[in-house]
Amino acid sequence: MTCNLLLVDDHSLIRAGVRALVLDIPGYAVIGEANDGSQLLEMVEKLSPDIVLLDISMRETGGLEALQRLKRVRPQSKVLILSMHTDPALIMQALESGAHGYLLKDTTATELEHALDALRNNERYLSPAIAHTVINQALIRNQKQPPQTTDSHNLTARQLEILRLIVRGKSTREIANGLGLSIKTVETHRSQIMKRLQIYDVAGLVLFAVREQIISLDD
């Protein structure tokens, strides 16, 4: 089945470029375009897209505000932030506001496809270029929070290995290829990790991994 996308950016050239890239990816179709957050909400209710590619910086309704409204209007639509911003606090805010992924605008067509595939498979996606940044932000936040009692030993050695790769922004396909596992096996481990930790978003997994010293800035 075709996965329907809605592009949201206040620059028409950017939208045209993304649309051209999507046309070359099998299984995806652009069903609409919006140039601001207000128009986004109208089109979401009308078109019911599977995935929304959303810019953060727009002249009218900002991307983060639009994201928060979108999650109330149509929570089943996955949101992939497509931005030039690498500010750690902004990235974390987008993830905590409900974004399912964050992709930089200087990305390659291959990475865009990986990100779309991840969201389509109910996964999260972070550009490898910013995964380190998100970890750093989580470390800063972790220093300001009281110690937690979550036991990382609830995870097996294999699950800890897969968790490290998830936190670094690797997709299921990349993890499977890197570890010599099937995609189904990795998906099973991912599901078990989230169920055992009761954490179902990338930002939460990053905070857990930092707090339990499963990953550090040197990784």
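What you see is a predicted model; the values in this text were computed from it and never measured.

1. Remarks on the confidence of the model for the chain
Across the chain, pLDDT averages 83, with 86% of residues at or above 70. When mean pLDDT is compared element by element in the chain, strand β1 (residues 3-8) scores highest at 96, while helix α6 (residues 128-143) scores lowest at 67.

2. Section: the UniProt feature "modified residue: 4-aspartylphosphate" (unreviewed entry) in the chain
Sites flagged by UniProt as "modified residue: 4-aspartylphosphate" (unreviewed entry) map to D55. Within the secondary structure, D55 sits in the loop between β3 (51-54) and α3 (63-73). With residues up to four places along the chain from it excluded, the contact list for D55 reads V8, D9, D10, G63, L82, S83 and K105.

3. Quick notes on the packing of helix α7 (residues 157-167) against helix α9 (residues 183-197)
Running from N to C, α7 and α9 point in directions that differ by 90°, and their axes come no closer than 10 Å. As far as their axial angle goes, α9 and α7 are roughly perpendicular. Contacts between α7 and α9 involve R158, Q159, I162, L163 and I166 from the first element and H189, R190, Q192, I193 and R196 from the second. The residue makeup of the contact of α7 with α9, split by class, is four nonpolar, three polar and three charged.

Calculation criteria
- Sequence order sets the numbering: in each chain, residues are counted from 1 along the sequence as written.
- This being a predicted model, a pLDDT of at least 70 is required before a residue's local features are given, and a value of 80 or more before pairs of side-chain atoms are given or counted; all residues contribute to the totals for chains, interfaces and linings.
- As a convention, hydrogens and water are excluded, and side-chain values are obtained from all of the structure's heavy atoms.
- What pLDDT expresses is the predictor's confidence in each residue, scored from 0 to 100.
- The helix count covers DSSP runs of H or I at least four residues long, the strand count covers runs of E at least two residues long, and both are numbered beginning at the N terminus.
- UniProt positions are given in the numbering used here, feature names are shortened, and annotations may be inferred rather than shown by experiment.
- Contact definition: two residues touch when any of their heavy atoms are within 4.5 Å.
- Axis geometry follows a simple rule: fit a line to the C-alpha atoms, using only the stretch in contact for helices, then measure angles between N-to-C directions, giving values from 0 to 180 degrees.
- Comment on the angle field: the value is read as roughly parallel under 35 degrees, roughly antiparallel over 145, roughly perpendicular from 65 to 115, and oblique elsewhere.
- Lys, Arg, Asp and Glu make up the charged group, whereas Ala, Val, Leu, Ile, Met, Phe, Trp, Tyr, Cys and Pro make up the nonpolar group; the residues left over, Gly among them, are polar.

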